[in-house]
Amino acid sequence: MKNSFLFVVLTLGLVSCLIIPLYFEGYVPIDDGTPLKRFYSYEHLRSFLIEKTQPYRYYQYYSWGSSRYLLMPTTSTQNKEMLAEAYGSSPDYSKTNIQVEGVDEADIVKTDGEYIYIVSGRNITILKAYPPEEAEILSQITLNGTVSGLFINENKMVVFESTYNDCIYYETFDFFSVYPYSITSDVSCIRLYDISNRCNPVSRTNVTISGRHLGSRMIGDYVYAVINEHVYVGQSWVSLPIISYNGKVQGIDATQIYYLDGSSSFDIYTTIIAINTQDDTEEPIHKTILLGSSSIMYVSTNNIYITFQESYEVIKQTATASIRQSLWGTAIHRISINRSEIEHVASGFVPGTVLNQFSMDEYNGYFRIATITSGSQNNVYVLDMDLNITGRLENFAPPSEVMDSARFIGNRCYLTTSVRRRDPFFVIDLENVAAPEVLGYLKIPGFTSYLHPYDENHVIGVGKDGNVVKISLFDVSNVSKPIEIDKYTISGIWSDTPVLREHKAFLFSKIKNLLAFPVSMSVYSWDAPSLWQGVYVFNMTLPEGFVLRGKITHSEEVKRSLYIDNVLYTISSKKIKMNSLEDLAKINEIELP
């Protein structure tokens, strides 16, 4: 692993298991309420974990470069540049398809309107992309690990790299015998590059932290990242996170680690880190919290919400007795962020589990979340900024229906469930935060995995009908009677699109009447099935709905598509194609290394 690890691996996986007040009919929560605390010594951390967890009795070593760091009590604190005149000087271009305006999400393809930055395995390729006739590869960076995504901020590039380190664990069975085990551990690297000269990127900052990268966002000049690392504890020692900043390696001291005493899970160090992309002299700021295993995060312009599954106990009151029960739900932690400031401010809890980041939203001082409980019960909760439940809509769909997608837009939540090849589409009103209600619903064939706003009264849905991809346009202007005003099915023996699993593969521009996304499908050719891969490009307006402009064929699965001015760029792992948006005529193509 190279010595330059920039970025802020903020493992904001805070708050893992805690019992927050949950008031739902028929139940009384068992004593909750515990503020965020900090360990006052290494021994305090070790004894706390011995009491709360089953000891693993492992000594843990991390090998970074040629040095080894033993996580023991004695070492706890170490541890070219011009556009063609004919195209104009400032072309418009597409951005990454994100959830929250102003909160960028790392992706494997980015553009700034002149250059395109492409991630493929261990490589980052920078291309001069506009004008397309002058397109060429300018430089390539090859790293040791796998690159999961990047951000572009003016002349700075932030890269997220995941790799592994060999660790040796020693489990002591008795006082004299030690048996070694060799295991690999996750390491997350954040690298900051100066790309003022796209032909020669220069490494500026490198941040490396032990653990797995959960997620990241960029707000203004700052990148925020969350890292999860498993905790190992023995009778006389406990593992600690390791962080490296520009080659200087040290352990995160036990007195820098926070916890919630009322939580029931303490097996993960969650570290949240903030990195200034524009000021190399400002050191990354990080905060580590002992939690459960964080799974899904949602980020607004001022807060990071970290969630994880956690069991909790309640008392169910019946006419004759009080019954103590253990249930599963979602613990929520709100982390306030403001430039380099990171502060855990609230914790909450709701029944059920979260589907993905689009099942959560912050709006007008409230946090909204959609969950699924055991038995396929669908719920929507509204919480205040202290993460106390203010309103709930529970079990609003039949138990046989399972949530496929959700999207919060303003005072509404659009949510789809599926059962027996039918896809109920719900419109839920959230204006009264104390009493969410279903305004209307529609049943259509298939299921919908991704919902995208067209305008305040229309929503695009991407899903499947049987074995083939289907896109729908919903009119919700009459909230009590939503209707599907248009649909398009991509026929074949079967068809698929990565949009069903990755929203960043979805390209939409209302101004350009453009909708495009990658497709793979099996079709008949000479009476035998063959695989077609490429991009479907639609003209999309309300009067006409989905009108196919054409298809762009690739020999491999297309990962992303984007536009700069009136040029459509489609990118696979081996090639980037450039076509006119007006008639999809080929302009240029470049083979990727």
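Residues numbered from 1 in each chain as written. Predicted model: local features only at pLDDT ≥ 70, side-chain atom pairs only at ≥ 80, totals over all residues. Heavy atoms only, no water.

## Here we look at the environment of Phe39
So, point 1. Relative to the assigned elements, Phe39 resides in the loop between strand E2 (36-38) and helix H1 (42-52).
So, point 2. Here Phe39 falls in the buried class, since its relative accessible area comes to 1%.
So, point 3. Every residue in contact with Phe39, bar those within four places of it in the chain, is listed here: His44, Leu45, Phe48, Ala254, Thr255, Ile257, Tyr258, Tyr259 and Leu290. (Helix = DSSP H or I, 4+ residues; strand = E, 2+ residues; numbered from the N terminus. Buried < 20%, exposed > 50% of the residue type's maximum accessible area, 1.4 Å probe, protein only. Contact = heavy atoms within 4.5 Å.)

## Concerning H1
So, point 1. Of all the positions in H1, only Tyr42, His44, Leu45, Arg46, Phe48 and Leu49 are classed as buried.
So, point 2. At its buried positions, H1 is contacted by E2, strand E17 (257-260), strand E18 (268-276) and strand E19 (285-291).

## Considering the pairing of E18
So, point 1. Across the 9 residues of E18, 9 count as buried, placing the element largely inside the fold.
So, point 2. Side chains of E18 alternate between two faces, with Ile268, Thr270, Ile272, Ala274 and Asn276 and Tyr269, Thr271, Ile273 and Ile275 buried alike.
So, point 3. Bridge count for strand E14 (residues 222-230) against E18 is 9 bridges, and the pairing is antiparallel. Along E18, the bridge assignment pairs Val223 with Ile275. (Pairing = 2+ DSSP bridges.)

## Points about the pattern of salt bridges
So, point 1. All told, the structure shown has 22 salt bridges when counted by the stated rule.
So, point 2. The residue Lys470 makes a salt bridge to Glu484 at a minimum N-O spacing of 3.2 Å. Here the residue Lys470 occupies a position in strand E34 (residues 468-475), and Glu484 occupies one in strand E35 (residues 483-490), the gap between them amounting to 14 residues.
So, point 3. Take Glu484: its relative accessible area is 22%, and that puts it in the partly exposed class. (Salt bridge = Lys/Arg side-chain N within 4 Å of Asp/Glu carboxyl O.)

## A short note on the pairing of strand E22 (residues 322-338)
So, point 1. In terms of strand pairing, E22 meets strand E23 (residues 341-351) through 10 bridges, oriented antiparallel. Paired with Gly329 across the two strands is Pro351, which belongs to E23.
So, point 2. Connecting E22 to the next strand, E23, in antiparallel fashion are 2 residues, including Arg339 with a positive phi near 55 degrees.

## Let's talk about the sheet that holds E17
Note: strands within a sheet are paired through backbone hydrogen bonds, in either parallel or antiparallel orientation.
So, point 1. Pairing is mixed across the open sheet formed by 6 strands, whose spatial order is E2-E17-E19-E18-E14-E13. Here the strands that pair on one side only, and so sit at the sheet edges, are E2 and strand E13 (212-219). Going from strand to strand, the sheet's axes swing by 25 degrees on average, the running direction of each strand aside.
So, point 2. Pairing of E18 with E19, which is carried by 7 bridges, proceeds in the antiparallel orientation. Bridge assignment links Ile268 to a residue of E19, and that residue is Leu291. (Axes fitted to C-alpha atoms, helices over the stretch in contact; angles between N-to-C directions.)

## Here we look at the environment of Asp92
So, point 1. Relative to the elements of secondary structure, Asp92 occurs in the loop between strand E4 (67-70) and strand E5 (109-111).
So, point 2. For the pair Asp92 and Ile564, spaced 472 residues apart in the sequence, the C-alpha separation amounts to 5.9 Å.
So, point 3. Dropping the residues within four chain positions of it, Asp92 is found in contact with Lys512, Tyr563, Ile564 and Asp565.

## Concerning the side chain of Asn123
So, point 1. If you trace the backbone, Asn123 turns up in strand E7 (residues 123-128).
So, point 2. Reaching out from Asn123, the side chain makes a polar contact with the side chain of Thr142 at a distance of 2.8 Å.
So, point 3. Each residue touching Asn123, except ones within four places of it in the same chain, is listed here: Ile118, Gln140, Ile141 and Thr142. (Polar contact = N/O pair within 3.5 Å; in protein donor to acceptor, adjacent residues only side chain to side chain.)

## Some thoughts on the confidence of the model for the chain
So, point 1. When pLDDT is averaged along the chain, the result is 85; 82% of the residues meet or exceed 70.
So, point 2. Confidence over residues 1-34 falls short of pLDDT 50; this stretch has 191 contacts with residues more than four positions distant or in other chains.
So, point 3. Counted against residues more than four places away or in other chains, residues 168-182, with its pLDDT under 50, gives 36 contacts. (pLDDT = per-residue confidence, 0-100.)

## Considerations on the sheet that holds E35
So, point 1. The strand order across the open sheet formed by 4 strands is E32-E33-E34-E35, and the pairing between neighbours is antiparallel. Whereas interior strands pair on both sides, the edge strands pair on one side only; in this sheet they are strand E32 (447-455) and E35. Each strand of the sheet is rotated relative to its neighbour by a mean of 20 degrees, with strand direction disregarded.
So, point 2. Judged from the 8 bridges that link them, strand E33 (residues 458-465) and E34 form a sheet pairing that is antiparallel. Bridged to Asp465 within E34 is Val468.

## A word on unusual backbone geometry
So, point 1. Backbone torsion omega between Tyr130 and Pro131 reads -5 degrees, so that peptide bond is classified as cis.
So, point 2. Looking at where Pro131 falls in the secondary structure, it is placed in the loop between E7 and strand E8 (136-142).
So, point 3. A positive phi angle, close to 55 degrees, is found at Arg339, a residue other than glycine.
So, point 4. With respect to the element layout, Arg339 can be found in the loop between E22 and E23.
So, point 5. For Arg339, a relative accessible area of 48% puts it in the partly exposed group.
So, point 6. Positive phi values are uncommon outside glycine, yet Asn513 reaches one of about 55 degrees.

## What to know about the packing of aromatic side chains
So, point 1. As enumerated under the stated definition, the model contains 20 aromatic pairs in all.
So, point 2. Summarising the aromatic geometry, the rings of Tyr298 and Tyr305 are spaced 5.9 Å apart at their centres and angled 40 degrees between planes, so their arrangement reads as tilted. By the burial criterion, Tyr298 is buried, and Tyr305 matches it.
So, point 3. Plain terms: the ring middles of Tyr488 and Phe538 are 4.9 Å apart, the flat faces sit at 75 degrees to each other, and that makes the pair edge-to-face. Placement of the pair is Tyr488 in strand E35 and Phe538 in strand E39 (residues 528-541), with a sequence separation of 50 residues.
So, point 4. The class for Tyr488 is partly exposed, based on a relative accessible area of 23%.
So, point 5. Grouped by ring-pair contacts, the aromatic residues Tyr488, Phe517, Trp532, Tyr536, Phe538 and Phe546 constitute a single cluster. (Phe/Tyr/Trp six-rings, centres within 6.5 Å; stacked < 30°, edge-to-face > 60°.)

## Some points on the side chain of Asn97
So, point 1. Turning to its location among the elements, Asn97 is positioned in the loop between E4 and E5.
So, point 2. In terms of polar contacts, Asn97 uses its side chain to reach the backbone carbonyl oxygen of His503, at 2.7 Å.
So, point 3. Sequence-distant contacts of Asn97, that is, excluding residues within four places in its chain, are made with Tyr450, His452, His503, Lys504 and Phe506.

## Quick notes on a nonpolar patch on the surface
So, point 1. A cluster of nonpolar side chains, contributed by Ile493, Trp494, Tyr524 and Leu531, occupies part of the molecular surface with about 430 Å² of accessible area.
So, point 2. Within the secondary structure, Leu531 is located in strand E39. (Patch = residues over 30% accessible without salt bridge, like charges linked within 9 Å, V, L, I, M, F, W, Y side chains within 5 Å. Areas by Shrake-Rupley, 256 points an atom, 1.4 Å probe, with all protein chains shown as cover.)

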